[in-house]
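Letter by letter, the chains look like this.
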Amino acid sequence: EDQVTQSPEALRLQEGESSSLNCSYTVSGLRGLFWYRQDPGKGPEFLFTLYSAGEEKEKERLKATLTKKESFLHITAPKPEDSATYLCAVPGSARQLTFGSGTQLTVLP
Amino acid sequence: KAGVTQTPRYLIKTRGQQVTLSCSPISGHRSVSWYQQTPGQGLQFLFEYFSETQRNKGNFPGRFSGRQFSNSRSEMNVSTLELGDSALYLCASSLGGGLRAPDTQYFGPGTRLTVL
């Protein structure tokens, strides 16, 4: 059974204070890894897809990386508008996504 | 392009009732997946529809069902509602045709169901 674990559960940063979120996974054959951002009361917003170890993707202050066992979401010089819950997910053999429990990020001004 | 839309956005029902939720996918997307999100269990997969056929199903009781129409719009139904069914129900659409690399799923805003 696919498993996804995210850490930390919650993270508070000062504006401009860079950090990383972790997503470790156990799957039988990695078919990709997705990162989403979710604001309170809204649906998850797609950020990145990573397909193979060593791959990196960037978008504004966010950079996602992937190894054979885990993925990191690096946040450089975050702003208060980056506050959200960040979710990672892996697809199963039948395309369903297994999600981690998320990291709730708060960026203080 | 318009995103995934879900109606209604909020619902309040009582135990024992049934409810139908609707989802319109992104134009051109043929796959619709449904997820349940609760504070305790997080996001859990319910089922996926592609070309009007249920292609995959999660580990939920038979009270949860769905269907897809020829225009790819989808509905999910929950019968005999229980208090534990209170959740945010999310619909996600994708192109759906890929068998190797997984499609990106794009989520709607969700329907917040409260069961009293």
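Residues numbered from 1 in each chain as written. Chains lettered and ligands numbered in written order. Predicted model: local features only at pLDDT ≥ 70, side-chain atom pairs only at ≥ 80, totals over all residues. Heavy atoms only, no water.

Residue and element names in this part refer to chain A. Sheet architecture is open: five strands sit in the order β1-β3-β8-β7-β6, paired in antiparallel fashion. Of all the strands in the sheet, just β1 (3-7) and β6 (56-59) have a single pairing partner and so form its edges. On average, adjacent strands in this sheet sit at an angle of 15 degrees to one another, irrespective of strand direction. In this sheet, strand β8 (residues 70-75) lies alongside strand β7 (residues 62-66) in antiparallel orientation, the contact comprising five bridges. Its bridge partner lying in β8, Ala64 is registered against Leu73. (Pairing = 2+ DSSP bridges. Helix = DSSP H or I, 4+ residues; strand = E, 2+ residues; numbered from the N terminus. Axes fitted to C-alpha atoms, helices over the stretch in contact; angles between N-to-C directions.)

With that out of the way, let us pick up the sheet that holds strand β1 (residues 5-7) of chain B. All names here are of chain B. Taken in spatial order, the four strands line up as β1-β3-β8-β7 in an open sheet, and their pairing is antiparallel. Of all strands in the sheet, those with a lone pairing partner are β1 and β7 (64-68), marking the two edges. Put simply, the sheet's adjacent strands are angled 20 degrees from each other on average, direction ignored. One ladder, built from five bridges, connects strand β3 (residues 19-24) with strand β8 (residues 74-78); its direction is antiparallel. Across the sheet, Thr20 pairs through a bridge with Asn77, a residue of β8.

Within the secondary structure layout, B:Asn56 lies in strand β6 (residues 53-57). The class for B:Asn56 is buried, based on a relative accessible area of 13%. One polar contact links B:Asn56 to A:Gln96, side chain to side chain, over a distance of 3.0 Å. Excluding residues within four positions of it along the chain, B:Asn56 makes contact with A:Ala94, A:Gln96, B:Phe45, B:Phe47 and B:Glu48. (Buried < 20%, exposed > 50% of the residue type's maximum accessible area, 1.4 Å probe, protein only. Polar contact = N/O pair within 3.5 Å; in protein donor to acceptor, adjacent residues only side chain to side chain. Contact = heavy atoms within 4.5 Å.)

Attention shifts here to the interface of chain A and chain B. Listed by partner, the interface residues are 18 residues for chain A and 22 residues for chain B. Together chain A and chain B conceal approximately 1,600 Å² of surface at their shared face, both sides included; 54% is due to carbon and sulfur atoms. The tally of links from chain A across to chain B stands at zero salt bridges. Where chain A meets chain B, there are five residue pairs in polar contact (both at pLDDT 80 or more). Counting only elements with at least two residues in the side of chain A that touches chain B, the list comes to β4 (33-38), β5 (45-50), β9 (84-91) and β10 (97-99) of chain A. (Buried area = accessible area lost by both parts, 1.4 Å probe. Salt bridge = Lys/Arg side-chain N within 4 Å of Asp/Glu carboxyl O.)

With that settled, consider the nonpolar core. Formed by 22 residues in total, the largest nonpolar core has its most connected members in A:Leu33, A:Trp35, A:Phe48, A:Leu62, A:Leu73, A:Tyr86 and A:Leu105. For this core, the elements supplying multiple residues, two or more each, are β2 (10-14), β3 (19-26), β4, β5, β7, β8, β9 and β11 (103-108) of chain A. Not counting residues within four places of it along the chain, the set of residues in contact with A:Phe48 comprises A:Leu33, A:Phe34, A:Trp35, A:Lys57, A:Glu58, A:Lys59, A:Leu62, A:Ala64 and A:Leu73. Membership of the second largest hydrophobic core comes to 21 residues, among which are B:Val19, B:Ile26, B:Tyr89 and B:Val115. (Core = buried A, V, L, I, M, F, W, Y, C linked by side-chain atoms within 4.5 Å.)

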